[in-house]
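Summary of the model geometry
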Amino acid sequence: MMNKIKIGWKEFDIEHIEKEKARLNVVSGDCYGEIHFDKNKIYLNNEFSDEQKQATLIHEVLHGICI
Ligand SMILES: [Zn+2]
């Protein structure tokens, strides 16, 4: 899976993280992922399959486009 993605002019790092290692409220509950504009990062919950993470990535990219 890709580890970087450019949305418009901004490049985001894609990180797969464990729920336990989550900082902030990342991946709390059944959250599949998050996008952080200040850190230029997209976090994907590593508890889920690659297929789910691909879908989550698309979801987060849409947030990135629509802010
Ligand atoms: Zn969302």
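Residues numbered from 1 in each chain as written. Predicted model: local features only at pLDDT ≥ 70, side-chain atom pairs only at ≥ 80, totals over all residues. Heavy atoms only, no water.

**Structural notes on the coordination of the zinc ion**
Note the cut-off: Keep in mind that water is not among the atoms, so a site may look incomplete; donors are the N, O and S atoms within 2.8 Å of the metal, or 3.2 Å for Na, K and Ca. Runs of H or I in DSSP of at least four residues are treated as helices and runs of E of at least two as strands, each being numbered from the N terminus. Accessibility here uses a 1.4 Å probe with only protein chains present; expressed as a share of the type maximum, an area under 20% marks a residue as buried, one over 50% as exposed, and anything in between as partly exposed.
Those protein atoms acting as donors to the zinc ion are His59 (NE2) and His63 (NE2), and they sit at 2.1 Å. Note that histidine 59 and histidine 63 are positioned in helix H1 (residues 50-66) at a spacing of four residues, about one turn of the helix. Looking at histidine 63, the relative accessible area reads 39%, which means it is partly exposed.

**What about the pairing of strand S2 (residues 10-17)?**
The side chains of a regular strand alternate between the sheet's two faces. Worth spelling out the cut-off: DSSP-based pairing: two strands are paired if at least 2 bridges between them are found.
The sheet contact formed by strand S1 (residues 4-7) and S2 spans four bridges and is antiparallel. Among the inter-strand pairings, isoleucine 5 is bridged to a residue of S2, identified as phenylalanine 12. Pairing analysis gives five bridges linking S2 to strand S4 (residues 41-45), with the strands arranged parallel. Residue glutamate 15 lies in a different strand from S4, and its bridge partner there is tyrosine 43.

**Topic: the sheet that holds S1**
Selection criterion: Note on method: axes are straight lines fitted to C-alpha atoms, helices fitted across the in-contact stretch only, with angles between N-to-C directions ranging 0 to 180 degrees. Any two residues whose heavy atoms approach within 4.5 Å at even a single point are treated as in contact.
Taken in spatial order, the four strands of this open sheet run S1-S2-S4-S3, and their pairing is mixed. Of all strands in the sheet, those bounded by a partner on one side alone are S1 and strand S3 (33-36). Mean inter-strand twist for the sheet, computed between neighbouring axes without regard to direction, equals 25°. Against the sheet, H1 contacts S1, S2, S3 and S4, and its axis sits at roughly 150° relative to S4.

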